[in-house]
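# Topology and contacts: notes
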Amino acid sequence: MLSKEQCREYIARRVAKEFSEGDVITLGIGLPTEVANYIPDNVHVVFQSENGVLGVGPRDTNPSTPPKITNAGGVAVTVRPGAAFFDSMTSFTMIRGGHVNATVLGALQVDEEGNLANWMIPGAFVPGMGGAMDLVVGAKRVIIAMEHTNKGQPRIVKKCTLPLTAAHEVDLIVTERGVIEVTPKGLLLKEINPVFSLEEVIASTGAELMIDDNLKRQALPKAV
C-alpha cells in the first residue's frame with residue numbers, strides 16, 4: 001500500500017510527463033499544483049494561475065509572512081524569469097479564449113462519458129464553484145489528477161451522481177493506480193502502477209474499463 005503522500009507524489013510526477021514544449025498549463029487547487037514541482041528539466045512549459053500569474057514556478061519552500069506571491073489556492077509559489085501579473089478578468093480571458101493548452105484538475109467523480117463532478121457535495125458548504133467550469137471548456141486538454149478511491153469508494157464511476165462541473169470534457173485521468181484515457185467508446189486503461197495488479201485496478205473502478213493492447217506498467221518514481 002502507498003501512503004497518501006506517496007499517492008500524491010506518484011500522481012503529480014506522472015501528470016508532469018504529459019506536456020509538450022511550450023505548453024501553457026493551468027493547475028487546479030490542491031494536488032494539481034504539485035505537478036509544477038516535477039516537470040522534466042528538458043521540457044519548458046508555462047504555468048498560468050487563474051488568480052493572475054503567468055510563469056508560475058515550483059512551490060516557495062521559504063515564503064515570507066505573509067507570502068508575497070501565491071497561486072489560486074493561496075499556496076506560496078515562486079515565479080520564473082519573465083513572469084507576468086494581471087487581474088482576474090485578463091486571466092479568464094486567456095482561459096475562455098482557448099489560449100491554455102491543458103488544465104490539470106482534481107475531481108470528486110469522473111464517469112465513462114468524460115463527465116466531471118468536482119465542485120460540490122450536496123449539503124456541504126462550498127465557498128463557490130471557482131474557475132473549474134471555465135477551465136474545462138476553455139482548455140484544449142483536460143487532465144484529472146486524483147486518488148483512485150475515496151474511503152474505499154470509486155471516484156471513477158459509470159455515471160456521476162454529484163452535480164456536474166462539465167459534460168464530456170475530460171480527456172485523461174491519472175491516479176495512483178493507473179492512467180485512463182476517455183475515448184468515444186469508453187474508458188481505456190493505458191498504464192497501471194505495478195504496485196497494483198490489473199485485477200485490483202478493475203475492482204476499484206466503478207465503470208467498465210477497456211484494456212489497451214499495449215498496456216504499460218509505469219514504475220514508481222525513485223523519489224517515492
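Attention here is on the structure that accompanies the text. Please read all numbers here as calculations on a predicted model, not as lab measurements. Per chain, residue numbering runs from 1 following the sequence as it is written. Thresholds applied to this predicted model are a pLDDT of at least 70 for local features of residues and 80 or more for the giving and counting of side-chain atom pairs; totals over whole chains, interfaces and linings are not thresholded and use all residues. Each side-chain value is worked out from all heavy atoms of the structure, with water and hydrogens disregarded.

### Overview of unusual backbone geometry
With glycine set apart, most residues show a phi of negative sign, and most peptide bonds adopt trans. The backbone phi angle of K151 is positive, close to 55°, even though this residue is not glycine. Phi is positive for H168, which is not a glycine, with a value near 60°.

### A word on helix α1 (residues 4-15)
Test applied: Numbering of helices and strands runs from the N terminus; a helix is a DSSP stretch of H or I covering at least four residues, while a strand is a stretch of E covering at least two. Each helix should span, by expectation, one fewer than its residue count multiplied by 1.5 Å. Residue burial is assigned from relative accessible area. The probe radius is 1.4 Å, only protein chains are included, and a residue is buried under 20% of its type maximum, exposed over 50%, and partly exposed in between. Two residues qualify as a contact provided that any one of their heavy atoms is within 4.5 Å of a heavy atom in the partner residue.
Taking 1.5 Å of rise per residue, twelve residues should cover 16 Å, and α1 covers 17 Å from first to last C-alpha, within 8% of that figure. The complete set of buried residues in α1 reads C7, E9, Y10, I11, A12, R14 and V15. Where α1 is buried, its residues touch β5 (102-105), β8 (142-145), β12 (172-174), β13 (178-183) and β14 (186-192).

### Remarks on the layout of surface pockets
To find leftover empty space, a probe the size of one water molecule is rolled over the atoms. Defined as follows: Cavities and pockets are found on a 1 Å grid laid over the protein atoms alone: a cavity is a set of points where a 1.4 Å probe fits but cannot escape, a pocket is an open set with protein on both sides within 12 Å along at least five of seven lines, and a lining residue has an atom within 4 Å of such a point. Grid points are joined across faces, edges and corners, and a volume is the space filled by probe spheres set on the points. Lys, Arg, Asp and Glu make up the charged group, whereas Ala, Val, Leu, Ile, Met, Phe, Trp, Tyr, Cys and Pro make up the nonpolar group; the residues left over, Gly among them, are polar.
The computed volume of the largest pocket comes to approximately 540 Å³. Forming the boundary of the largest pocket are 25 residues, of which I29, G30, G106, A107 and N118 lie nearest the centre. In terms of residue class, the lining of the largest pocket is made up of 13 nonpolar, seven polar and five charged.

### So, the sheet that holds β13
Spelled out, the test is: Between any two strands, at least two bridges found by DSSP are needed for them to pair. Whenever a helix is involved, its axis is fitted only over the stretch in contact; in every case the axis is a line through C-alpha atoms, and angles between N-to-C directions fall within 0 to 180 degrees.
Strand order across the open sheet formed by ten strands is β4-β3-β2-β1-β5-β8-β12-β13-β14-β15, with mixed pairing between neighbours. Among the strands making up the open sheet, the edge pair consists of β4 (77-85) and β15 (209-217). Ignoring strand direction, the axes of neighbouring strands in this sheet form an average angle of 30°. As judged from the six bridges shared by β13 and β14, these two strands associate in the antiparallel manner. Residue pairing in the sheet places G178 in a bridge with I192 of β14.

### Things to note about the nonpolar core
The condition that has to hold: For our purposes a nonpolar core is just a set of buried Ala, Val, Leu, Ile, Met, Phe, Trp, Tyr and Cys residues, chained together by side-chain atoms within 4.5 Å.
Counting residues in hydrophobic clusters, the biggest one holds 29 residues, and the most contacted among them are V110, L116, I144, V170, I173 and L187. Taken together, the elements giving at least two residues each to this core come down to α2 (88-96), α3 (132-138), β8, β13 and β14. Discounting residues that sit within four places of it in the chain, I173 has contacts with V110, I144, M146, I156, G178, V179, I180, V182 and L187. In terms of nonpolar packing, the next biggest core, distinct from the first, is built from 24 residues, L31, A36, I39 and V56 among them.

### Looking at the side chain of S204
Heads up, the rule is: N or O atoms within 3.5 Å of each other form a polar contact, as long as, within protein, one can give a hydrogen and the other can take it, and as long as residues adjacent in sequence are counted only when both atoms are side-chain atoms.
Relative to the helices and strands, S204 resides in the loop between α4 (198-203) and β15. In this structure the side chain of S204 is engaged in a polar contact, spanning 3.1 Å, whose partner is the side chain of R177. With sequence-adjacent residues up to four places away left out, S204 is seen in contact with H148, T149, P154 and R177.

### Points about the environment of P58
Here P58 lies in strand β3 (residues 53-59). The spatial distance from the C-alpha of P58 to the C-alpha of N37 is 5.0 Å, given a sequence separation of 21 residues. In this structure, P58 is in contact with A36, N37, V77, T78 and R80, ignoring residues within four places of it in sequence.

### Notes on the pattern of salt bridges
Rule in force here: Salt bridges are counted wherever a side-chain nitrogen of Lys or Arg sits within 4 Å of a carboxyl oxygen of Asp or Glu.
One pass over the structure, following the stated rule, counts twelve salt bridges. With its nearest N and O atoms 3.1 Å apart, the salt bridge here joins E112 to K158. Of this pair, E112 sits in the loop between β6 (109-111) and β7 (116-117) while K158 is found in the loop between β11 (156-157) and β12, placing the two residues 46 residues apart along the sequence. Of the residues examined, E112 reaches a relative accessible area of 21% and is grouped as partly exposed. Accessibility expressed as a relative area gives 51% for K158, which makes it exposed. As a salt-bridge pair, D212 and K190 come within 3.4 Å of each other at their nearest N and O atoms. One end of the pair, D212, is in strand β15; the other, K190, is in strand β14, with 22 residues separating them in the sequence. For K190, a relative accessible area of 28% gives the class partly exposed.

### Some remarks on the sheet that holds β11
Sheet architecture is open: three strands sit in the order β7-β6-β11, paired in mixed fashion. Strands at the two margins of the open sheet, each flanked by one partner only, are β7 and β11. Two strands pair when backbone bridges link them, and β6 and β7 are joined in this way by two bridges, in the antiparallel orientation. By the bridge assignment for β7, Q109 is matched with A117.

### Quick notes on the side chain of T149
Summarising the element assignment, T149 is placed in strand β9 (residues 149-150). In this view, T149 contacts P154, R155 and S204; residues no more than four positions away in its chain are not counted.

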